[in-house]
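Coordinate inspection notes
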Number of protein chains: 2
Amino acid sequence: MGYNTKQGEQIEGLLKATAGEHLTADEIVRRLAEGGNTVGKTTVYRWLDRLVGQGKARRFAGEKSESACYQYTGGAECRNHYHLKCLGCGRLLHVNCEYLDRVAEHILEHHGFVLNEEKTVLYGVCVECRTKKED
Amino acid sequence: MGYNTKQGEQIEGLLKATAGEHLTADEIVRRLAEGGNTVGKTTVYRWLDRLVGQGKARRFAGEKSESACYQYTGGAECRNHYHLKCLGCGRLLHVNCEYLDRVAEHILEHHGFVLNEEKTVLYGVCVECRTKKED
DNA sequence: TTGCGTGCAAAGGTTTTGCATGGCA
DNA sequence: TGCCATGCAAAACCTTTGCACGCAA
């Protein structure tokens, strides 16, 4: 199911190389073009859908009519930890932390709610953006 | 700043009355129409923007090209607790819990990250939807 | 009376789809 | 060869904006 193609490799490769950032479909087209690789926007959208379906990437809906951003998450290992996303720079932090694991247990026991770690993102501001603000 | 109008009251009223659910702009138009109150979609969007700005409502971006959903949060008090949103029924649970308050402290101390409780939503599945699935 | 609110129609922007062509296996 | 992938153009959608008219204060 699914062929390996030049475009697919380039899209996944770019996402992987910029895993700390988040990119819109448009930005992916532009960056690939800058690298000399022309890829149609339609193809970018189709590969992003596929990568999200495979759990290799993640989609972040934009505010209002902004474009959605996509970010590489790398697959299986990302299902076992938490994600902190910075509202300042967009960076996604991957946090392995037993304390946070216990949060899920607490929520289940005390609030009857099964936390979906894959769908949950904790929003806030990272250290870098915090110190930057103070300038 | 801002007049009180019939439409505004109806929109806020509907949102308040359905605080457990989440509605799209379209659904708001439809439900008001069913109640005999015709309100233009443009007006609905403008009031939703205002209510979100006032912290009275919250916007949840849809997947892909789905419409965004709006949900009544009631204002100031919602900034001091956590929100659990059910992926099954869309219900938003408001959780006041000292255990969860400590999560923010932990994240700051151990991960250098200032959690924004207002922007963060924990996704998962509520008790009702869990037992429903088992049928 | 003044200025904001309303709602229609139209525009704007993102994402999806149709279809002919190209490429992987 | 068979089937999927590609990419252009066009469509589909949600949301915003322009503008003339209506209503709140």
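Residues numbered from 1 in each chain as written. Chains lettered and ligands numbered in written order. Predicted model: local features only at pLDDT ≥ 70, side-chain atom pairs only at ≥ 80, totals over all residues. Heavy atoms only, no water.

What about the overall build of chain A?
When its secondary structure is counted, chain A shows five helices and seven strands. Going from N to C terminus, chain A has its helices and strands arranged as α-β-α-α-β-β-β-β-α-β-β-α. Principal axes of the C-alpha set define a box for chain A whose edges measure 50 × 50 × 25 Å. Counting over 135 residues, chain A shows a buried share of 42%. Contacts in chain A between residues far apart in sequence, at least 24 positions, make up 50% of those at least 6 positions apart. (Helix = DSSP H or I, 4+ residues; strand = E, 2+ residues; numbered from the N terminus. Buried < 20%, exposed > 50% of the residue type's maximum accessible area, 1.4 Å probe, protein only. Contact = heavy atoms within 4.5 Å.)

A few points about the domain arrangement of chain A
All names here are of chain A. The domain boundaries assigned to chain A delineate domain 1 (6-72) and domain 2 (82-134). Distance between the C-alpha centres of domain 1 and domain 2: 23 Å. Facing five residues of domain 1, the contacting portion of domain 2 comprises eleven residues. Summed over both partners, the interface of domain 1 with domain 2 comes to about 600 Å²; 48% of that surface belongs to carbon and sulfur atoms. Our count for the contact surface shared by domain 1 and domain 2 stands at five residue pairs in polar contact (both at pLDDT 80 or more). (Domains from an automatic or database assignment. Buried area = accessible area lost by both parts, 1.4 Å probe. Polar contact = N/O pair within 3.5 Å; in protein donor to acceptor, adjacent residues only side chain to side chain.)

Focus on the protein's contact with DNA strand D
Lining the immediate environment of DNA strand D, one finds 23 residues, of which A:T5, A:T43, A:R46, A:R50 and B:Y45 sit closest. At the protein interface, 70% of the atoms of DNA strand D within 4 Å belong to sugar or phosphate. One nitrogen or oxygen atom from the side chain of A:Y3 is found 3.4 Å from a base oxygen belonging to DNA strand D. A:R50 is positioned such that a nitrogen or oxygen atom in its side chain is 2.3 Å from a phosphate oxygen of DNA strand D. Put simply, the parts of the chain that give the surface near DNA strand D at least two residues each are α1 (6-17) and α3 (41-53) of chain A together with α3 (41-53) of chain B. Sorting elements by how many residues they give to the surface near DNA strand D places α3(A) first, with five residues. (Near = heavy atom within 4 Å.)

Notes on the layout of surface pockets
Empty space within the second largest pocket amounts to approximately 380 Å³. Lining of the second largest pocket is provided by 22 residues; of these, A:R59, A:K64, A:E66, B:K64 and B:E66 occupy positions nearest its centre. Residue composition of the lining of the second largest pocket, grouped by class: ten nonpolar, six polar and six charged. (1 Å grid on protein atoms, 1.4 Å probe; cavity = no way out; pocket = protein on both sides within 12 Å on 5 of 7 lines; lining within 4 Å. Points joined across faces, edges and corners; volume = space filled by probe spheres on them. Nonpolar A, V, L, I, M, F, W, Y, C, P; charged D, E, K, R; others polar.)

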